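For reference, the chains in residue letters:
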Amino acid sequence: MNTPLLEVNDLKVYFPVKGGILMRAKNYNKAVDGVSIHVNAGETLGLVGESGCGKSTLGKAIVRLLKPTEGQIIFDGNDISTLSASELKPIRRDIQMIFQDPGESLNSRLTVGALIGEPFEIHNLDSPESRRRKVLELLDQVGLPANAIDRYPFEFSGGQRQRIGIARAIALEPKLIICDEPVSALDVSIQSQILNLMLNLQQKMQLSYLFVAHDLAVVKHVSDRIAIMYLGHIMEIGDADEIYRDAKHPYTRALIAAIPEPDPSRRGRTKDVLQGDVPSPIDPPTGCVFHTRCAHARPQCVAEQPSLRETASSELTSHKVACHFDL
Amino acid sequence: MKQTPETNTPLLRVEELVTAFSTETGQVRAVDGVSFEVAAGRTLGIVGESGCGKTVTALSIIQLLPYPNASILGGRILFEDLDLASAEIEELQRIRGNRIGMIFQEPMTALNPVHQIGRQIMEPLRLHQDLSEKEALSITLNMLNKVGIPSPEIILSEYPHQLSGGMRQRVMIAMALICNPSLVIADEPTTALDVTIQAQILELLQDMQNQSQTSFIMITHDLGVIAETCDDVVVMYAGRVAEQGTVEQVFNAPRHPYTQGLLSSIPRLHTPRKTQLKTIEGMVPALQDMPPGCRFNNRCSHTIDQCRTHYPNLDGQVGEHRTACHRWQEVTPS
């Protein structure tokens, strides 16, 4: 078996919650609490979960915009979890990020040409003339007109700005791109354009994606494998089709059932609507973090945290679930 | 599905509504000749992408348009024997929150952060109905129970920030329904919520409607939400109605190329992975910069000369499956 491009082992990212007159850390927000995932070269791992489940924090920790509290991030054979900023610089060429809101993530004072050329500048690549040529090539690749080069981000629509963000991310031909909700701010008709672009680029450039989003239908469309996250933990991970067809975890099933489908004939179906709210990650439930909302919870779930285990049905591909029972 | 007799006069009839905003470059029509009806006890969905005029349509109905930038230039909004478009402010105040309830997208900004929940829910009751404090309190507690808020006595004296997003939206729903309105307008009521909480709120809205026979207007960009909750649907594009009909008609046999494009561009759970999605090329033109003729003509793959010169009016009669396209009979697969 090939070694994966990215391997995350037992990663923890805790944020201190300060309080008291001395502003000491009273407690910790366990945003990511022991997550292990891997991404193979050329594949897309989809990471799904609701607000506050830690999916964005995990993405940011992998690009090292955040310092992990514990655990390993092995990229291309090197552990990057504890590297300093200067040691990280060469690695950043290979790991890039696409953000949710391109309106906020692009510097509004720079022209599109300067924005897309910035990675070359930072890494001291190419002469200014060849940079400009490369920027024009990139604009073409992401479907923007050449005259965009001297215009400013505000002159573009949301979808076009996301194309600018994508051009920046692919400029240095990275190996891995962390996509943090890349289409959730876009209208449906624009969303499909961007998803198509991302799929095309992946094929052309052999990119790997970690695709972080809350919309399971979108994630399933672009991913090879899917990981479901809840309160800082991976609940289920496996082949995208299998997760959809044969979800093992009650939370995954509830997520799939909760998606409103644009098909009126499915309206009458009985839905098991998940009750209650997501508990606070500062004081997560004991045992299985999902037990407070799970219809199948038993005493063992309150006492004992389930480990992510291989399910019986999956012989060909790995399909893991963090549940004590075969439901 | 609920059956409504054909002879009933509709609860709300919007006729040729035109709402415009004044900008530095002149007046732009955010809503330009929109007509639809809401029958008693039914739910109408208004769907479209950002800037299509769906929210402006809703705000026009209850006259909550930003003053003085926006104004209604034409059309009628007939609701319970009154034309809201030309009604006096006193009449509107009698109707808002009383006969027509509103649910907004973001309950955190729609609720007043410095007032207790109980006071906010009771406000419409105290304004519109001559009740003693005790009566108002018992109606409020009863309503909080109905919308699924645990221990309502405690919630009464809490503030919006102490509640979760889902709970806040339940409070909004309680406020909207407290006076037993005949119409509730819900503007993206679940867009800010997580998918499992969205499912809870949609279920609640349907329960409430079944109990009270209130009519709903559900405004959303999410075709899934429309398909699951609405009886009828209006598809809007660039300030106009592209298509309208029952949810079954529009979703099962969409006629307008825009509706067809929207429905086929959504990734669904059962479509094959990593395949190219259908797209609608280009983007919505700016309101100041609408193409002549059909407003969809620069994105439509069926455009002919006629589409560039003549705006297609909605065909058919009120209550039928109607489309504003010159060529729908040719372009709709049979």
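Residues numbered from 1 in each chain as written. Chains lettered and ligands numbered in written order. Predicted model: local features only at pLDDT ≥ 70, side-chain atom pairs only at ≥ 80, totals over all residues.

Our next topic: the overall build of chain A. Looking only at helices and strands, chain A has 11 helices and 12 strands in total. Expected size for 327 residues packed as a compact globule is a radius of gyration near 20 Å; at 21 Å, chain A falls within 12% of this value. In terms of its C-alpha atoms, chain A occupies a principal-axis envelope of roughly 65 × 60 × 45 Å. Classification of the 327 residues of chain A by burial places 45% in the buried group. Of the contacts formed within chain A by residues at least 6 apart in sequence, a portion of 64% connects residues at least 24 apart. (Helix = DSSP H or I, 4+ residues; strand = E, 2+ residues; numbered from the N terminus. Rg over C-alpha atoms; globule rule 2.2 N^0.38 Å. Buried ≥ 20, exposed ≤ 12 C-beta atoms within 10 Å, placed from the backbone. Contact = placed C-beta atoms within 7 Å.)

This next bit is on the sheet that holds strand β1 (residues 12-23) of chain B. Residue and element names in this part refer to chain B. Taken together, the four strands give an open sheet; going across it, the order is β2-β1-β4-β5, and neighbouring strands pair in antiparallel fashion. Each edge of the open sheet is held by one strand with a lone partner, namely β2 (26-38) and β5 (82-83). Across eight bridges, the pairing between β1 and strand β4 (residues 70-79) is antiparallel. What sits directly across from V18, in β4, is G74. (Pairing = 2+ DSSP bridges.)

So, on to the sheet that holds strand β2 (residues 24-39) of chain A. Residue and element names in this part refer to chain A. Read from one edge of the open sheet, four strands run β2-β1-β4-β5, paired in antiparallel fashion. Of all strands in the sheet, those with a lone pairing partner are β2 and β5 (78-79), marking the two edges. Sheet topology note: the strand β1 (residues 6-19)/β2 ladder contains 12 bridges and is antiparallel. Among the inter-strand pairings, G19 is bridged to a residue of β2, identified as R24.

With that settled, consider the interface of chain A and chain B. Across the contact, 37 residues belong to chain A and 38 residues belong to chain B. Elements with a minimum of two residues in the side of chain A that touches chain B: α7 (188-205), α8 (216-222), α9 (240-245) and α10 (250-258) of chain A. In terms of residue count, α7 of chain A provides more of the side of chain A that touches chain B than any other element does, eight residues in total. Grouping the constituent residues of the side of chain A that touches chain B by class yields 19 nonpolar, nine polar and nine charged. (Nonpolar A, V, L, I, M, F, W, Y, C, P; charged D, E, K, R; others polar.)

Residue and element names in this part refer to chain B. The buried count for helix α1 (residues 54-61) comes to eight of eight residues, which makes it a mostly enclosed element. Among the residues of α1, K54, T55, V56, T57, A58, L59, S60 and I61 are the ones counted as buried. Of the residues flanking the end of α1, it is Q63, one or two places downstream, whose phi is positive at about 55 degrees.

Mean pLDDT for chain B: 91, with 97% of residues reaching 70 or above. Among the scores for the predicted complex, ipTM is 0.87 and pTM is 0.91. (pLDDT = per-residue confidence, 0-100.)

This part covers the environment of P189 of chain B. Residue and element names in this part refer to chain B. Following the sequence through the fold, P189 ends up in the loop between β7 (183-187) and α8 (195-212). Taking the C-alpha atoms as reference points, P189 and E106, separated by 83 residues in sequence, lie 7.6 Å from one another. Once residues lying within four places of it in the same chain are set aside, the contact partners of P189 are I103, Q105, Q169, I201 and L205.

It is worth spelling out the pairing of strand β8 (residues 215-220) of chain B at this point. Residues and elements named next belong to chain B. When you tally the buried positions in β8, you get six out of six residues, the bulk of the element. Going residue by residue along β8, you find S215, I217 and I219 tucked away on one face and F216, M218 and T220 tucked away on the opposite face as well. As paired strands, strand β3 (residues 43-47) and β8 are joined by five bridges and run parallel to one another. When the sheet's bridge partners are listed, G45 is paired in β8 with M218. In this structure, β7 lies alongside β8, joined through five bridges in parallel fashion. Counterpart to I185 in the pairing with β8 is I217. As a crossover connection, the stretch from β7 through α8 into β8 is right-handed. (Right-handed = clockwise from strand over helix to strand, strands pointing away.)

Another point: the nonpolar core. With 184 residues, the main nonpolar core has L210 of chain A together with A174, I185 and I217 of chain B as its most contacted residues. Element by element, the count of residues in this core is highest for helix α7 (residues 165-177) of chain B, at eight residues. The residues contacting I217 of chain B, other than those within four sequence positions of it, are V38, L44, I46, A58, L183, I185 and A186 of chain B. (Core = buried A, V, L, I, M, F, W, Y, C linked by C-beta atoms within 7 Å.)

The subject of this paragraph is the packing of α7 of chain A against helix α11 (residues 257-265) of chain B. Close contact between α7 of chain A and α11 of chain B brings their axes to 9 Å; oriented N to C, the two are set at 50 degrees. When the axes of α7 of chain A and α11 of chain B are compared, the pair comes out oblique. Judged by the sense of rotation from one axis to the other, the crossing of α7 of chain A with α11 of chain B is left-handed. Judged by residue contacts, V188, S189 and S192 of chain A of α7 of chain A engage G261, L262 and S265 of chain B from α11 of chain B. Among the residues making up the contact of α7 of chain A with α11 of chain B, the classes are represented as two nonpolar, four polar and no charged. (Axes fitted to C-alpha atoms, helices over the stretch in contact; angles between N-to-C directions. Parallel < 35°, antiparallel > 145°, perpendicular 65-115°, else oblique. Left-handed = near helix turned anticlockwise from the far one by under 90°.)

Residue and element names in this part refer to chain B. Relative to the assigned elements, Q93 resides in helix α2 (residues 89-95). With 14 C-beta atoms packed within 10 Å, Q93 lands in the partly exposed category. Taking C-alpha positions, Q93 is 18 Å from A186, a pair spaced 93 residues apart along the chain.

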